[in-house]
Amino acid sequence: MLHVDRLNGGYLGKQVLHDVSFEVKKGELVGLIGLNGAGKSTTIKHILGLLSPLSGKIEIDGETLDSSEKKYRKKVSYIPETPILYETLTLQEHIELMGKAYDVNPDDLAARTKRLAKEMRMEKQLAWFPSVFSKGMRQKAMILCALVTKTPLLIVDEPFVGLDPLAIRQLLQLFDEYKQDCAILMSTHILETAERHCDRFVFLHQGEVIASGTAAELRETYRLSAEATLDDIYVEAIASEERLS
Amino acid sequence: MNRFTARLGNWMEEVVKYSRYVANGGLLFTLYFTLIYGAFVYNNFLERIDGTFPGVWIAAVVLLIMPLGHRPRTFIQEADQVFLLPELGDIRPYMIGVRLFNLVFAALRGLLVLLVLLPLLVRTESYSSIEVLSFVVTMVLLSAAGRLAKVEGVREWTILPFALGSGFLLLMDWTQWAWIPAFAPFILLHLKRNERIPLLHWLTLEEKSRAQFERVISWFVDLPTLKEEVRERRLITRLLDKRVLQHVDASRYVYGLRIIRSNDSLDLILRLTVVALIVMWMSGGWYVGFVTPLFVGLTALQLVPLFKRLEAVSIVSWLPITRDERIEGYSWWALRLLVIQSIVLVIASVAFGATWDAAVGLVLSIVVIRYYLRRLK
C-alpha cells in the first residue's frame, strides 16, 4: 500500500532523512519508532506531501504526488500529533468537510459517523465547536475525522497523547478493525502498546532506518531472547548503532 | 532596567517594526484616502448644521461610550505563569508601569475622539474656554477610568453611572462641573486596586489587546497566528446549509462556514457597510457615489489577509484539496459578498442623492474587487 523508496529529505538547508526505505502492506499496522528528532514526523510530512523530497520515491496504492496530487491525497488520511481543528466548524461539519474532500458517499459517511461517534463516546460532541473541547476530545475529533474517510492508508502521529486509558483501548480496537482492508503507519513512543498492536516495526535513528521487521525478526537480528520486549529490542538497536558509529 | 521597561522597550521595537511594514505595504493609500475623504465629508456636514443640531446630546452619548471597549495592555506573557510566580509579591514597579502606560493610551483615545467631537460642539454650542477645558478633562478622565477599571478587574459598567452623571451635567448646561463625576471613579479604583498582579486576568487582557493590534496589522502584513472570534449564527447557517453548503465542494464549504461565523468576515462587511451608509448620510452631495468603491475597497483589503491566515495553519493542507481549489473556493465567496455589498451601497447612494456617480462608483468597485481578489494568489 505504501512504498517509501530511498527517501532523502528534510527542511530547507537541513537534510534530515537519509535513504529511508520501507513499506506498509494492506492489512498491516506498522509502527514507526524512533527517539525525539529521529525523523519520524519528517518522514510523515514527506508522505503527506507537506515537504518535498530531495530524492527518492513515495507511492501510495500505485499513486505518486507527481502523477496526480488529488488522487494521491485521496488515498491517505492523517491524525496529527497536535490536533488542528477549525474553530468555526462544529465536529459534525468537520466530518461533512472530510466527506466532501474525500468523496465519501453521504449515506456511508452518516453511518460511519454514527457508529464511530458512539464507540468513541463523542455523539454529544458532534454539534459542539472545538473551542469547548478538552485536549482529549480534540484528539478524538481528529481521529474521528480521519477514520470516517476509510482511505487505503491511515497515518497516525503519536495518537495516544491526551487520551485516557479507555479511549486508548477503544482507539486500538478501531485501528485493528480499520487495517483489515487498509494499512496504517503509526509513529509512537509508547512501545508497550505498539508491541501489542503493531504487525511490524521500522526503527528510525538519526534519519536512517536502522532495522525493520516483526518483533520476532528484530529479536533475532539483535540476538535477544524470546522474552525480550520491544523496549529491550529498541534499546539494543540504538546501543548497537551507537557502537558502530 | 526593570522588567516593565524591558517589556516596554520590546513593545516599542515591535511597533516600529510593524510601522515600517505598514508604511511599505502600499495599501496605506486606501486609508489615507478614507481619512481625507472622511474629513472632507465631516467638514461639509459641519457647515450645514446650526445651533438646533443636538450636538450636546451626541457629546453626552459619547461620554457614556468613553469608558467602554478598552483593550488595556499588560505585557504579561504566558511563561510568566511559571517564571514570574516567585516575584509576584514584590513587583510594584511593574504594576505602576502598566497603569501609567494604560493611562497615557486612554488619554490619547479620549483626545482622538475630541478631535472629531470638539468641532461639532464648537459649531452647535457657545462654550467658554473653561467649559471646553472641562469637557476635554471629562473625556480623558472617563476614558482612563474605563481602561484602568479593566486593568484592576473592576467591571466596566461600574464606571457608567459616573459617565451618566457627567453627561447629565453637560445636558443641564453645567459643563464646567462635568469633570467632577468623571473624577469620582478613581477613588473607587484606588480602593479596589490590586496589590499583586492578577496573573491570569492580566494575561487574558494582554492576549485580547495583542489580538486587536495584530488584527489591524494584518490588513497590511500577513500574520498567520492571528486568532478570530467565532459566533454560531445558527439561522444564517441553516438558511445557507440546504440551498448552498450541501451542494458546494469541500473548499467552498469550509470557507463558507468560516466567512459566516468569523468576526473577521461577515461582521466586518456589515460594520463597514453601516459606516458607509452613515458617511453617505452625512455627505449628501454629488460625490456620494464614490463612497461605494471606497468602502468596498476597505472590505476587500481586509478579506485578503483573512484567506492567507486560513491557509497558514489548516487541515486542508493535507486533504485532497489543491491550493488552486482553495483560492477558487475563497474567491467564490469573497466575490459574491463584495458584489452584494457594492449593489447595496450603490442603491443606498442613489437614495442619498447620487446620479451618474453611482454608476461610476459601481464600475470602480468592480475594478477594486478584481484587484484585491488577484492578491489572493
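Before any of the text, the structure's been laid out above.
Because the structure is predicted, anything quoted here is derived from the model rather than measured. (Residues numbered from 1 in each chain as written. Chains lettered and ligands numbered in written order. Predicted model: local features only at pLDDT ≥ 70, side-chain atom pairs only at ≥ 80, totals over all residues.)

Each helix and strand counted, chain B has 16 helices and zero strands in total. Along the first, second and third principal axes, the C-alpha atoms of chain B reach 60 × 60 × 40 Å. Split into buried and exposed, the 377 residues of chain B put 35% on the buried side. Here the analysis covers contacts within chain B between residues at least 6 apart in sequence; of these, 83% occur between residues at least 24 apart. (Helix = DSSP H or I, 4+ residues; strand = E, 2+ residues; numbered from the N terminus. Buried ≥ 20, exposed ≤ 12 C-beta atoms within 10 Å, placed from the backbone. Contact = placed C-beta atoms within 7 Å.)

A tally of helices and strands in chain A yields nine helices and nine strands. In summary, chain A has a C-alpha radius of gyration of 18 Å against a globular reference of 18 Å for 245 residues, a match within 12%. In terms of principal-axis extent, the alpha carbons of chain A reach across some 55 × 40 × 30 Å. Pairs at least 24 apart in sequence give 68% of the contacts found in chain A among residues at least 6 apart. (Rg over C-alpha atoms; globule rule 2.2 N^0.38 Å.)

An α-helical segment advances 3.6 residues per turn. Residues three or four places apart therefore align on the same side. All names here are of chain B. Within the sequence span of helix 3 (residues 55-65), burial applies to Gly 55, Val 56, Ala 59, Val 62 and Leu 63. In an axial view of helix 3, the angular spread of the buried residues amounts to 115°, which keeps them on one side of the axis. Tucked inside the fold, the buried residues of helix 3 contact helix 5 (92-124), helix 6 (129-152) and helix 7 (160-171). (Arc of directions from axis to C-beta.)

So, about the interface of chain B and chain A. With 18 residues of chain B at the interface, the matching set in chain A holds 20 residues. Residues of the side of chain B that touches chain A, tallied by class, amount to 11 nonpolar, three polar and four charged. (Nonpolar A, V, L, I, M, F, W, Y, C, P; charged D, E, K, R; others polar.)

Before going further, it helps to examine the sheet that holds strand 4 (residues 55-60) of chain A. Residues and elements named next belong to chain A. Read across the open sheet, the three strands follow the order 2-1-4; overall the sheet is antiparallel. Edge positions in the open sheet fall to strand 2 (14-24) and strand 4, since each of these has one partner strand only. Sheet twist, expressed as the average angle between the axes of neighbouring strands with direction ignored, equals 30°. Here strand 1 (residues 2-11) runs beside strand 2; their pairing, made up of seven bridges, is antiparallel. Residue pairing for strand 2: Val 4 is matched across the bridge by Phe 22. Its contacts with the sheet put helix 1 (residues 40-48) on strand 1, strand 2 and strand 4, and the angle it makes with strand 1 is roughly 110°. (Pairing = 2+ DSSP bridges. Axes fitted to C-alpha atoms, helices over the stretch in contact; angles between N-to-C directions.)

Here we come to the packing of helix 5 (residues 135-147) of chain A against helix 6 (residues 165-178) of chain A. Residues and elements named next belong to chain A. Put simply, helix 5 and helix 6 touch, their axes get as near as 12 Å, and they point 10° apart. Between helix 5 and helix 6, the angle is such that the two are roughly parallel. Residues Gly 136, Lys 140, Ile 143 and Leu 147 of helix 5 pack against Ala 167, Leu 171, Leu 174 and Tyr 178 of helix 6. Split by residue class, the contact of helix 5 with helix 6 holds six nonpolar, one polar and one charged. (Parallel < 35°, antiparallel > 145°, perpendicular 65-115°, else oblique.)

This part covers the environment of A:Thr43. Residues and elements named next belong to chain A. Structurally, the position occupied by Thr 43 is in helix 1. Each C-alpha atom of the pair Thr 43 and Ser 187 lies 9.9 Å from the other, and the pair is 144 residues apart in sequence. The contact partners of Thr 43, leaving out residues within four places of it in the chain, are Leu 17, Val 20, Leu 32 and Leu 204.

The next thing to look at is unusual backbone geometry. Excluding glycine, residues mostly carry a negative phi; peptide bonds, for their part, are mostly trans. All names here are of chain A. Its identity as a non-glycine residue notwithstanding, Asp 19 has a phi of 50°, on the positive side. Take Asp 19: it is sitting in strand 2. Look at Asp 19 and you get partly exposed, because 13 C-beta atoms sit within 10 Å. Backbone geometry at Asp 61 places phi at a positive 50°, although glycine is not the residue there. Along the chain, Asp 61 turns up in the loop between strand 4 and helix 2 (69-74).

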